Amino acid sequence: MLHEVLLERKDIIRSRMSLVSLYETEEPSSEIEEILAQFENPTFPIEEVNTEKEEEWQPLERKYLDGVNQIKENVQEKTAQLDKDLESSLAHSDEILKSHRDFRPIDDRDYSNIKLAISKHFDQAKTNLRADAATKILMLRRDIEQQGRKRRNFDKNTTDTLQNWFHDHRTNPYPSDQEKADLAKQCNIKISQVNNWFGNQRIRSKHQALRIEEEERNRLAALAAEEAEAMQTAIAEATAAASSSLTAASLINLPLMNPSMQAMVLPTVQPNLVQPNLVQPTLINGAPGFLQQPHYFPTLGDNTNGQHFYTDFETFGLVQHQQPDAEQFNTINYLG
DNA sequence: ACTCATGATTTCCA
DNA sequence: TGGAAATCATGAGT
């Protein structure tokens with residue numbers, strides 16, 4: 001984890017500020033001085049601070065200012081120390097040269113050469129000190145930025161790159177460490193962000209697949225229900241039609257069925273008490289007459305109960321699954 | 001203002 | 001420790 005962070009920081013520094021090369025140069029760099037201008041005029045690394053609630057940013061801003069100040073004091077302290085050391089080194093070199101006068105001739109060139117060499121050495125030390133401070137400031141700014149930044153969506157290039165990789169490896173969308181590093185570099189995001197993205201992407205594409213599957217199931221279920229309802233309607237209509245076309249006389253000769261079934265679908269034909277001269281329904285086979293249930297039972301002929309069953313699967317488009325044998329049918333509770 | 005997308009964080013597990 | 005899953009918080013479109 002720490003390693004990852006360091007790697008990322010190194011990348012940032014290299015790509016954004018090319019600080020690494022600054023270390024290699026012998027000369028004081030204007031870039032370093034630019035960064036160290038923060039000492040005199042610290043600028044908070046987050047722009048939103050001006051447009052949003054002050055309280056929200058204050059602690060973070062305080063942290064940044066304190067951090068910069070600490071770096072500044074450290075530089076000043078060490079610079080002062082270097083200056084003191086320079087003085088004493090120069091004084092010491094004077095002493096040495098003077099002592100050398102006893103062995104060899106010493107002229108002004110000797111003095112200026114050694115002073116130049118010593119000064120150069122201390123200048124380099126100071127340059128390194130300032131480069132070091134500049135690095136610390138950049139890191140501080142990055143930390144602050146990290147802590148204060150609200151979530152930003154990745155740009156299109158980034159999401160495209162990640163998306164392409166994901167799609168190309170959709171059978172096994174698990175990038176290796178090396179591939180994660182490559183993607184991070186390519187997308188200019190952190191390795192941890194690559195990890196987040198793939199974590200999110202994997203779980204979310206999985207959920208999406210499940211959702212689509214479920215929607216398909218629901219669609220088919222709805223379709224089946226719709227068909228069932230249409231069938232019910234057709235049955236009801238056909239029943240009504242059959243009922244209205246039947247004459248009272250024809251009712252008499254209709255075969256009998258289970259009375260409770262009749263109650264469910266059609267009213268029992270009762271003797272007409274108001275107009276007793278009308279033909280009264282009679283008893284057939286000793287049972288009260290009633291209209292035949294829609295024909296969704298198979299023909300069994302005489303079912304041994306003296307009742308006759310009709311078939312009319314074709315009428316309602318029903319599929320006859322199986323032909324129950326008489327014994328089975330007699331024991332079926334077909335209403336319930 | 002609502003709602004969904006999306007990046008980040010947290011929690012749990014092998 | 002890496003990944004799955006749940007959850008949080010913000011971005012962005014309406």
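Residue positions are counted from 1 within each chain, in the order its sequence is given. Here every chain gets a letter starting at A, and every ligand a number starting at 1, in the order they are written. For a predicted model such as this one, the threshold for reporting local features is a pLDDT of at least 70, and the threshold for listing and counting side-chain atom pairs is 80 or more; totals across whole chains, interfaces and linings nevertheless cover every residue. Computation of side-chain values: all heavy atoms of the structure, hydrogens and water removed.

Per an unreviewed UniProt entry, chain A carries the name CBN-CEH-60 protein and comes from Caenorhabditis brenneri. UniProt positions are given in the numbering used here, feature names are shortened, and annotations may be inferred rather than shown by experiment. Entered under Subcellular location (unreviewed entry) in the UniProt record, the comment concerning chain A runs "Nucleus". Its UniProt record, at the heading Sequence similarities (unreviewed entry), says of chain A: "Belongs to the TALE/PBX homeobox family."

Draft legend 1. A look at the side chain of Ser93. Runs of H or I in DSSP of at least four residues are treated as helices and runs of E of at least two as strands, each being numbered from the N terminus. Checked against the element boundaries, Ser93 lands in helix α4 (residues 54-100). Not counting residues up to four positions away in its chain, the partners in contact with Ser93 are Ile114 and Ile118. Here a residue-residue contact requires only that any non-hydrogen atoms of the pair lie within 4.5 Å.

Draft legend 2. Local environment of the pattern of salt bridges. The salt bridge criterion pairs a side-chain nitrogen of Lys or Arg with a carboxyl oxygen of Asp or Glu, the two atoms within 4 Å. All chains considered together, the criterion is met by eight salt bridges. Residue Asp66 pairs with Arg62 through a salt bridge whose shortest N-O separation is 3.4 Å. In this pair, Asp66 and Arg62 are both assigned in helix α4, four residues apart and thus about one turn of the helix distant. With a closest N to O distance of 2.8 Å, Asp160 and Lys156 form a salt bridge. Within this pair, Asp160 and its partner Lys156 are both found in helix α6 (residues 156-168), separated by four residues, close to a single helical turn.

Draft legend 3. Highlighting the protein's contact with DNA strand C. It suffices for a single heavy atom of a residue to lie within 4 Å of a molecule or strand for the residue to be listed as near it. Near DNA strand C, the surroundings consist of Lys150, Arg151, Arg152, Asn153, Tyr174, Lys180, Arg202, Ile203, Arg204 and Lys206. Throughout this description, a polar contact denotes any pair of N or O atoms lying within 3.5 Å of each other; where both atoms belong to protein, one of them has to be capable of donating a hydrogen while the other can accept it, and for residues adjacent in sequence the pair is counted only when both atoms sit in side chains. Lys180 places a polar side-chain atom, nitrogen or oxygen, 2.9 Å from a phosphate oxygen of DNA strand C. With respect to DNA strand C, the side chain of Lys206 contributes an N or O atom lying 2.9 Å from a phosphate oxygen. Looking at which element gives the most residues to the surface near DNA strand C, the answer is helix α8 (residues 191-245), with four residues.

Draft legend 4. The arrangement of the protein's contact with DNA strand B in detail. Taken together, the neighbourhood of DNA strand B is formed by Arg151, Arg152, Asn153, Phe154, Thr159, Gln193, Asn196, Trp197, Asn200 and Arg204. Protein-proximal atoms of DNA strand B, defined as those within 4 Å of the protein, fall in sugar or phosphate at a share of 44%. One of the side-chain nitrogen or oxygen atoms of Arg151 is found 2.9 Å away from a base oxygen of DNA strand B. In this structure, Gln193 approaches DNA strand B through a side-chain N or O atom, which is 2.7 Å from a phosphate oxygen. With five residues, α8 is the largest single contributor of residues to the surface near DNA strand B. By the convention adopted, Pro, Cys, Tyr, Trp, Phe, Met, Ile, Leu, Val and Ala count as nonpolar, Lys, Arg, Asp and Glu as charged, and the other residues, Gly among them, as polar. Residue composition of the surface near DNA strand B, by class: two nonpolar, five polar and three charged.

Draft legend 5. Representation of helix α7 (residues 177-187) within the structure. Exposure classes here rest on a 1.4 Å probe applied to the protein chains alone. A residue is buried below 20% of its type maximum, exposed above 50%, and partly exposed in between. Every buried residue of α7 is accounted for by Lys180, Leu183, Ala184 and Cys187. Seen end-on, α7 carries its buried residues on one side only, within an arc spanning 100°. Structural note: α7 exposes Gln178, Lys185 and Gln186 on the side pointing more than 90 degrees away from its buried face. To be clear, the arc concerns the directions from the helix axis to the C-beta atoms.

Draft legend 6. Expanded view of unusual backbone geometry. Here the phi dihedral of Asn188 falls at roughly 60°; this positive angle occurs in a residue that is not glycine. Inspection of the secondary structure assignment puts Asn188 in the loop between α7 and α8.

Draft legend 7. Representation of the packing of aromatic side chains within the structure. Within 6.5 Å between ring centres, the rings of Phe, Tyr and Trp (the latter by its six-membered ring) count as paired, and their orientation is classed by plane angle as stacked under 30 degrees, edge-to-face over 60, tilted in between. A full pass over the atoms with the stated rule returns five aromatic pairs. Summarising the aromatic geometry, the rings of Phe166 and Trp197 are spaced 6.2 Å apart at their centres and angled 85° between planes, so their arrangement reads as edge-to-face. Here Phe166 is found in helix α6, whereas its partner Trp197 is found in helix α8, with 31 residues between them in sequence. For the pair Phe166 and Trp197, a shared accessibility class is recorded, and that class is buried. Seen in terms of ring centroids, Trp197 and Phe198 are 5.1 Å apart; in terms of plane orientation they differ by 80°. Their pairing is edge-to-face. Take Trp197: its relative accessible area is 11%, and that puts it in the buried class. Look at Phe198 and you get buried, because its relative accessible area is 1%. Through successive ring pairs, a cluster of aromatic residues spans Trp165, Phe166, Trp197 and Phe198.

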